[in-house]
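Listed below, chain by chain, are the residues.
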Amino acid sequence: MADPVYTPPSGPPQGSPPRLFEHIGLEPLQAFSRDMYQRLSRSEISALFPSDPGELEAASRRQADFLTGAFGGPQLYRQKYGHPRMRARHLPFPIDEHARQTWLSCFQGALGDGSRLNLDAAQTEELLRWIERFSEWMMNRK
Ligand code: HEM
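Residues numbered from 1 in each chain as written. Predicted model: local features only at pLDDT ≥ 70, side-chain atom pairs only at ≥ 80, totals over all residues. Heavy atoms only, no water.

Looking at this structure, I do not really get the site of the ligand. What am I missing?
In the neighbourhood of the ligand, 21 residues make up the surrounding shell, with Arg62, Tyr77, Met86, His90 and Trp103 lying closest. With respect to the ligand, the side chain of tyrosine 77 contributes an N or O atom lying 2.4 Å from an oxygen atom. Among the elements that take part in the shell around the ligand, helix H3 (residues 53-70) stands out by supplying five residues, more than any other. (Near = heavy atom within 4 Å. Polar contact = N/O pair within 3.5 Å; in protein donor to acceptor, adjacent residues only side chain to side chain. Helix = DSSP H or I, 4+ residues; strand = E, 2+ residues; numbered from the N terminus.)

Spelled out as structure tokens, the structure:
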């Protein structure tokens, strides 16, 4: 039988993501996502992600579209794919704490000190706090 779905007791993230889109801009966000997905494709959870380079690029674009809207920019993800339903969209993939930590380390590796997104230390910290909390809600395996 398949493993039962785990629901984090902390529940969905409360509060809105930082409104950093105007400050960051679309191209740096896309370049960041591309870098992050390259890291994911070489990580311990690479099997979860497309092995075809074109599909990997498309997946990184979906993430950039999502982050654009989340950070207060145009709702690109919603326009293309409808309501984000992020937790539901992740349910087909087994995500436990190890997968989450690996995913977060790819995110942090691509982010570096935040300067590639034009972020100062406080903004970088705020972004990391948000993504750490959001990623908790994507977990669906103990
Ligand atoms: C907790 C660790 C996470 C893991 C292991 C994970 C893994 C995955 C996987 C395997 C996919 C499908 C890849 C594909 O598109 O082909 C995916 C899609 C996606 N993930 Fe995550 N994810 C995590 C957290 C997050 C977080 C925190 C966000 C928010 C920024 C996010 C945003 C997205 C988006 C926007 C998609 C595309 C959904 C779609 O339209 O199909 N993920 N993720």
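Read on for the rest.
It is not clear to me how the coordination of the iron atom of the ligand should be interpreted in this structure. Could you clarify?
Six octahedral donors around a metal ideally subtend angles of 90 or 180 degrees, whereas four tetrahedral donors ideally subtend 109.5 degrees. Counting protein donors to the iron atom of the ligand gives just one, His90 (NE2), placed at 2.0 Å. Assignment of secondary structure puts histidine 90 in helix H5 (residues 86-90). (Donors = N, O, S within 2.8 Å, 3.2 Å for Na, K, Ca; no water.)

I tried to follow helix H6 (residues 97-111) on my own but got confused; where do I start?
At 3.6 residues per turn, the α-helix brings residues three or four places apart onto the same side. The end-to-end C-alpha separation of H6 is 21 Å, in line with the 21 Å expected for 15 residues at 1.5 Å each. Of the residues one or two after H6, glycine 112 is the one with positive phi, at around 60°. (Expected span 1.5 Å × (residues − 1).)

Help me understand the pattern of salt bridges in this model?
As a working rule, side chains carrying opposite charge can pair if their charged atoms are close by. For the coordinates displayed, the defined rule picks out seven salt bridges. Counted as one network, the salt bridges with shared partners bring together Arg34, Glu57 and Arg61. (Salt bridge = Lys/Arg side-chain N within 4 Å of Asp/Glu carboxyl O.)

Hey, could you run me through the nonpolar core in this one?
Note that soluble globular proteins tend to have their nonpolar side chains buried in a common cluster. Within the largest apolar cluster, 37 residues are counted, with the highest numbers of intra-cluster contacts made by Phe71, Trp103, Phe107 and Trp130. With seven residues, H6 is the single largest residue contributor to this core. In this structure phenylalanine 107 touches Phe32, Met36, Leu127, Leu128 and Ile131, once residues within four positions along its chain are discounted. (Core = buried A, V, L, I, M, F, W, Y, C linked by side-chain atoms within 4.5 Å. Buried < 20%, exposed > 50% of the residue type's maximum accessible area, 1.4 Å probe, protein only. Contact = heavy atoms within 4.5 Å.)

Looking at this structure, I do not really get the packing of aromatic side chains. What am I missing?
Each aromatic ring pair is characterised by the separation of its centres together with the angle its planes make. The full count for this structure, using the stated rule, is eight aromatic pairs. Centroid distance phenylalanine 71 to tryptophan 130: 5.6 Å. Interplanar angle 70°. Geometry classified as edge-to-face. Of this pair, phenylalanine 71 sits in the loop between H3 and helix H4 (76-81) while tryptophan 130 sits in helix H7 (residues 121-137); the two residues are 59 residues apart in sequence, bridging distant segments of the chain. On the basis of relative accessibility, which here comes to 1%, the residue phenylalanine 71 falls in the buried class. On the basis of relative accessible area, tryptophan 130 is assigned to the buried category, the value being 10%. Above the ring of tryptophan 137, the side-chain terminus of arginine 87 is found at 4.7 Å from the ring centroid. (Phe/Tyr/Trp six-rings, centres within 6.5 Å; stacked < 30°, edge-to-face > 60°. Lys NZ or Arg CZ within 6 Å of the ring centre and 35° of its normal.)

Looking at this structure, I do not really get unusual backbone geometry. What am I missing?
In most cases, non-glycine residues show a negative phi, while peptide bonds are predominantly trans. Of note in this structure, arginine 85 is not a glycine but carries a positive phi near 40°. Mapped onto the fold, arginine 85 is located in the loop between H4 and H5. Given a relative accessible area of 46%, arginine 85 falls into the partly exposed group. Its identity as a non-glycine residue notwithstanding, asparagine 118 has a phi of 65°, on the positive side. In this fold, asparagine 118 is placed in the loop between H6 and H7. For asparagine 118, a relative accessible area of 45% puts it in the partly exposed group.

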